[in-house]
Amino acid sequence: MAIIALCIIGNLINVWAEEGLFRGLFLKIGMQCYSQKTANRIQALLFGIWHITNVIYPVLTGSMSITAAILMGSGYVLLSAVLAYEWGLSAALSGTLWVGASQHLFNNFISNFLHTVSETGVDEMMVLRIVLSNMLSFVVVLIIAQKKKSKLCE
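Because the structure is a prediction, the values reported are computed rather than measured.

Another point: the nonpolar core. Listed in full, the nine residues of the largest apolar core are F22, A44, F47, L83, A84, W87, I110, M126 and I130. The set of elements that each furnish at least two residues to this core consists of α2 (36-50), α4 (66-94) and α6 (126-153). Sorting elements by how many residues they give to this core places α4 first, with three residues. Setting aside its immediate chain neighbours within four residues, I110 contacts R129, I130 and S133.

Set out below in structure tokens:
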């Protein structure tokens, strides 16, 4: 039970720190010099690059080859950048970091707690679960943003 509590607390701290840094600080600073769209792209790129760290430790310990690290690292950068763009857009549409942070926490929960192991010992469907869960959460944000916009126009 302590391990589960530690994982939950770790996820909360991680989301709070990353959302505060990338969407809270970098996006806001970027919007002082660039459009919201450009600032969002910059913070998303930085967030993607930040996640290259996911392959550094396995390479250093010898549990992952350089070739695999390049492939996995590229995937992490791309997926993380796309998600960061979505969370930045969610912050812009909602006017608060909490919406993107909630999506981020949901994403981390899906990726950290819902694992399946196949005959090969690999969770081949993890990326699909992450993409689908984020598409679902973003649809909810779009619906809320549309309702908010229609109330303002009334």
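Let's shift gears to the packing of helix α1 (residues 2-33) against α2. Viewed as axis vectors pointing N to C, α1 and α2 meet at an angle of 145°, and their least axial separation amounts to 8 Å. The two elements α1 and α2 cross, and the hand of that crossing is right-handed. Residues E18, F22, R23, F26, L27, G30 and M31 of α1 form the contact with α2, whose own contacting residues are Q36, A39, N40, Q43, L46, F47 and W50. Here the contact of α1 with α2 is built from residues that sort into eight nonpolar, four polar and two charged.

A word on the packing of aromatic side chains. Per the stated rule, a full pass over the model turns up four aromatic pairs. A centroid spacing of 5.9 Å and a plane angle of 80° characterise the contact between F47 and W87, whose relative ring orientation is edge-to-face. Of this pair, F47 sits in helix α2 while W87 sits in helix α4; the two residues are 40 residues apart in sequence, bridging distant segments of the chain. Exposure class is identical for F47 and W87. Each is buried. Grouped by ring-pair contacts, the aromatic residues F22, F26, F47, W50 and W87 constitute a single cluster. Over the face of the ring belonging to F47 we find R23, whose NZ or CZ atom lies 4.5 Å from the ring centre.

With that settled, the discussion passes to α1. For α1, built from 32 residues, the straight-helix expectation of 46 Å at 1.5 Å per residue is met to within 8% by its first-to-last C-alpha distance of 45 Å. At G20, α1 shows its maximal bend, which comes to roughly 30°. Those residues of α1 lying buried are N11, V15, E18, E19, F22, R23, L27 and G30. Residues of α1 that are buried make contact with α2, α4 and α5 (97-113).

Note on placement: E18 falls in helix α1. For the buried residue E18, which engages in no salt bridge, the nearest side chain bearing the opposite charge is R23, 5.6 Å off.

Once that is clear, we can look at the confidence of the model for the chain. Across the chain, the average pLDDT comes to 85, with 91% of residues at or above 70. Across the chain, α2 holds the top mean pLDDT of 95, while α6 sits lowest at 76.

Parameters and conventions
Residues numbered from 1 in each chain as written. Predicted model: local features only at pLDDT ≥ 70, side-chain atom pairs only at ≥ 80, totals over all residues. Heavy atoms only, no water. Core = buried A, V, L, I, M, F, W, Y, C linked by side-chain atoms within 4.5 Å. Buried < 20%, exposed > 50% of the residue type's maximum accessible area, 1.4 Å probe, protein only. Helix = DSSP H or I, 4+ residues; strand = E, 2+ residues; numbered from the N terminus. Contact = heavy atoms within 4.5 Å. Axes fitted to C-alpha atoms, helices over the stretch in contact; angles between N-to-C directions. Left-handed = near helix turned anticlockwise from the far one by under 90°. Nonpolar A, V, L, I, M, F, W, Y, C, P; charged D, E, K, R; others polar. Phe/Tyr/Trp six-rings, centres within 6.5 Å; stacked < 30°, edge-to-face > 60°. Lys NZ or Arg CZ within 6 Å of the ring centre and 35° of its normal. Expected span 1.5 Å × (residues − 1). Bend = angle between axes of the 7 residues up to and from the residue. Lys, Arg positive; Asp, Glu negative; His and termini not counted. Salt bridge = Lys/Arg side-chain N within 4 Å of Asp/Glu carboxyl O. pLDDT = per-residue confidence, 0-100.

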